Amino acid sequence: MSVAIDAPAFRRQSLPPGPRLPPALQAIMRVWRFAEFSDRGHARYGDTFTVRIGGLPTGVLTKDRDAIRRLFTGDPLLKRHSNDLLRTFVGDQSLLVLEPGEHIARRKMLSPPFHGERVRSYALLMERLVADELDRLRPGEVVSMQRIAQGLTLEVILQAVLGVSDGALRNRLRGLFDALNTPLNAFALFVPALSHRSRWNPLSRRPWRLKDELDALLFEHIAATCNDARLGEREDILAMMVAARDEDGIGLNDQQLRDELVTLIAAGHETTATAIAWGVELLVHNPAVMASAREGDDAYLEALVKEILRIRAPSPIGGARHMVEPFEIGDWTIPPNVSIIVDAYAVHNDPETYPEPHLFRPERFLGSSADAYSLLSFGGGAHRCIGASLAQLEMKIVLREILARLHLAPVSDALARSVPRGPTLAPRGGAKVRVLRQRTPTRNGTAAAAAAA
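Keep in mind the model is a prediction, meaning the values are calculated, not measured.

A.B. asks: Residue-level account of the overall build of the protein chain, with values.
C.D. replies: Broken down by element type, the protein chain carries 19 helices and 12 strands. Among the 453 residues that make up the protein chain, the fraction classed as buried is 51%. For the protein chain, long-range pairs separated by at least 24 residues make up 74% of all intrachain contacts whose partners lie at least 6 apart in sequence. Entry remark: accessible area of the protein chain is about 21100 Å², with carbon and sulfur atoms responsible for 54%.

Given below as structure tokens:
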């Protein structure tokens, strides 16, 4: 009697083909020319292809939607979150790099400050900070929206996340963040071959020294927060993290608090600022969209934020998983110990999901919401960025206030090219625009705080 065999179950484990470029050159392409690297790779090899990037494990880059869904929703015991490069910066106790069981428990502890009314309670602070910054601008001035957005997102972190009320401490932290956030330091911290701490690696000495200074200040601030007699009255995220307890009544220790704070700073400062900068860069080069956004309601503003995150996601990678068991993608069975990298850029530019993907059209998100596997700017599944709601709220408020208060014009005819800035892809030149004139905010466009006043 013959027995039918399920052939796919017995497929040999193997890697799909991929570029034959040297790993060092693939690393350069991955950082400096990701869109070209992705487009060429998928055009030649299909939805999934192998990448070998110097300093990182062998990986496969995929835009296969079924594989992405299973990566984000499958059995968490079959895979590990792959972020060893970030681990050197954020620490071993960060939510970003915890193994599945620990991650689920930690996320449950930390979720309350990032949802619902708690997130919306930070809106007034954001509105005030934005209004104060924009009111300083003068007609004829050429400004970098990247720089302005960085200052705004940093102030939100210092006040809403860290709860730093002392002006001197805010200035010290601001100086360290600014010093760390230079192209050379970011290059030294986030390029695999350079990111390790060693006396034989002079390029990394200064960023590691700055990071040590930042850690010392954070530990001091954590200790002061833990001992704050008015901790229960504070509304900042650190205060709520200090008060959080797991099911056994155990809170986070100082190292865990430090790692989570650094994660929030890294994820919520540069990435949100970059997204805001891209938003302004796209708007000034698309005046019809700018006019629609200025006249539109909150639903259009939400659609605008989603379209910015789709067409110019701060990171082209939607997450990675390091497999501990074989994993099927299309015709391939990926062997263990290979990182599966989600190609968010390719998903966001798939014409089957987003017709005419290279056009900036917020209307595509009106009346419909993107599913969890087609808009990947914040990752997906259990590892979706815990601060996604806070970041999107910040984007909405900053862009709304810019539209309400300023008339802007581009300083160049063409949209800026993407260039690496630490772990993000930012507009080259910092999204420079010319201020034509100040507008008088209307009730439709102004912030709630201004309307109430």
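A.B. asks: Go over the packing of aromatic side chains, please, and point to the residues and values.
C.D. replies: Scanning the entire structure with this criterion turns up four aromatic pairs. Consider the rings of tyrosine 45 and phenylalanine 49, whose centres lie 6.0 Å apart with planes at 35°: the pair is tilted. For tyrosine 45, a relative accessible area of 21% gives the class partly exposed. Taken together, the aromatic side chains of Phe37, Tyr45 and Phe49 make up a single cluster linked through ring pairs.

A.B. asks: Describe the packing of helix α14 (residues 270–284) against helix α16 (residues 298–311), with residues and values.
C.D. replies: A packed helix pair is summarised by two numbers, namely the angle formed by the two axes and the spacing between the axes. With their axes 10 Å apart at the nearest point, α14 and α16 run at an angle of 100° to one another. Judged on the interaxial angle alone, α16 and α14 are roughly perpendicular. For the pair α14 and α16, contact is made by Ala275, Trp278, Gly279, Leu282 and Leu283 and by Leu304, Ile308, Leu309 and Ile311, respectively. Residues of the contact of α14 with α16, tallied by class, amount to eight nonpolar, one polar and no charged.

A.B. asks: If you had to explain the pattern of salt bridges to someone new, which residues and values would you point to?
C.D. replies: Per the counting criterion, the structure on display carries 22 salt bridges. Residue arginine 174 is joined to glutamate 155 by a salt bridge in which the shortest nitrogen-to-oxygen separation is 2.4 Å. Of the two residues, arginine 174 sits in helix α9 (residues 167–180) while glutamate 155 sits in helix α8 (residues 145–161), which places them 19 residues apart along the sequence. The class for arginine 174 is partly exposed, based on a relative accessible area of 23%.

A.B. asks: Report on the confidence of the model for the protein chain, specifying residues and quantitative values.
C.D. replies: Confidence in the prediction of the protein chain, expressed as mean pLDDT, is 85, and 87% of residues score 70 or more. Here helix α19 (residues 448–452) is the element of the protein chain with the lowest mean pLDDT, 37, and helix α17 (residues 344–348) is the one with the highest, 97. In the model, residues 1–10 has pLDDT below 50 throughout and makes two contacts with residues more than four positions away in sequence or in other chains. Overall, residues 443–453 carries pLDDT values under 50, and its contacts beyond four positions in sequence, including any with other chains, amount to 21 contacts.

A.B. asks: With reference to specific residues and values, describe the side chain of glutamine 26.
C.D. replies: Here glutamine 26 is to be found in helix α1 (residues 23–32). Side-chain polar atoms of glutamine 26 contact the backbone nitrogen of arginine 52, separated by 3.1 Å. Excluding its chain neighbours within four sequence positions, the residues that come into contact with glutamine 26 are Pro19, Leu21, Phe37, Val51, Arg52 and Ile53.

A.B. asks: Residue-level account of the environment of leucine 408, with values.
C.D. replies: With respect to the secondary-structure elements, leucine 408 resides in strand β9 (residues 406–410). Note on leucine 408: relative accessible area 11%, which makes it buried. Between the alpha carbons of leucine 408 and arginine 434 there is a distance of 5.6 Å; along the sequence they are 26 residues apart. If we ignore the near neighbours within four places in the chain, the residues touching leucine 408 are Val280, Val284, Ile402, Val433, Arg434, Val435 and Leu436.

A.B. asks: Describe the packing of α14 against helix α18 (residues 388–405), with residues and values.
C.D. replies: The N-to-C vectors of α14 and α18 enclose an angle of 35°; their axes lie 10 Å apart at closest approach. Remark: the crossing between α14 and α18 carries right-handed chirality. Here Thr272, Ala275, Ile276, Gly279, Val280 and Leu283 of α14 lie close against α18, whose contacting residues are Ala391, Glu394, Met395, Val398, Leu399, Ile402 and Leu403. Broken down by class, the residue content of the contact of α14 with α18 amounts to 10 nonpolar, two polar and one charged.

A.B. asks: So what's going on with α9? Which residues, and what values?
C.D. replies: In a regular helix each residue adds 1.5 Å, so 14 residues correspond to 20 Å; α9 covers 20 Å between its end C-alpha atoms and thus fits that length. Looking at α9, one finds that the buried residues are Leu169, Arg170, Leu173, Leu176, Phe177, Ala179 and Leu180. For α9, the capping residue at the N-terminal end is aspartate 166, with a side-chain oxygen 3.2 Å from the backbone nitrogen of alanine 168.

A.B. asks: Mind laying out the side chain of histidine 348, listing which residues take part and the relevant values?
C.D. replies: The topology assignment puts histidine 348 in helix α17. For histidine 348, a relative accessible area of 0% translates into the label buried.

A.B. asks: Could you give an account of unusual backbone geometry, with specific residues and numbers?
C.D. replies: Apart from glycine, the bulk of residues carry a negative phi angle, and the bulk of peptide bonds sit in the trans form. Of note in this structure, asparagine 337 is not a glycine but carries a positive phi near 65°. Here asparagine 337 is to be found in the loop between β7 (332–334) and β8 (339–343). According to the relative accessible area criterion, asparagine 337 is exposed, its value standing at 53%.

A.B. asks: Just give me the short version of the sheet that holds β9, but keep the residues and values in it.
C.D. replies: Overall, antiparallel pairing links the three strands, which are arranged β4-β12-β9 in an open sheet. On the outer flanks of this sheet lie β4 (142–144) and β9, each paired with one strand and no other. With strand direction ignored, the average angle separating the axes of adjacent strands in the sheet is 45°. One ladder, built from three bridges, connects β4 with strand β12 (residues 432–438); its direction is antiparallel. Bridging from a neighbouring strand, valine 142 pairs with arginine 434 of β12. Against the sheet, α18 contacts β9 and β12, and its axis sits at roughly 95° relative to β9.

What counts, and at which threshold
- Residues numbered from 1 in each chain as written.
- Predicted model: local features only at pLDDT ≥ 70, side-chain atom pairs only at ≥ 80, totals over all residues.
- Heavy atoms only, no water.
- Helix = DSSP H or I, 4+ residues; strand = E, 2+ residues; numbered from the N terminus.
- Buried < 20%, exposed > 50% of the residue type's maximum accessible area, 1.4 Å probe, protein only.
- Contact = heavy atoms within 4.5 Å.
- Areas by Shrake-Rupley, 256 points an atom, 1.4 Å probe, with all protein chains shown as cover.
- Phe/Tyr/Trp six-rings, centres within 6.5 Å; stacked < 30°, edge-to-face > 60°.
- Axes fitted to C-alpha atoms, helices over the stretch in contact; angles between N-to-C directions.
- Parallel < 35°, antiparallel > 145°, perpendicular 65-115°, else oblique.
- Nonpolar A, V, L, I, M, F, W, Y, C, P; charged D, E, K, R; others polar.
- Salt bridge = Lys/Arg side-chain N within 4 Å of Asp/Glu carboxyl O.
- pLDDT = per-residue confidence, 0-100.
- Polar contact = N/O pair within 3.5 Å; in protein donor to acceptor, adjacent residues only side chain to side chain.
- Left-handed = near helix turned anticlockwise from the far one by under 90°.
- Expected span 1.5 Å × (residues − 1).
- Pairing = 2+ DSSP bridges.

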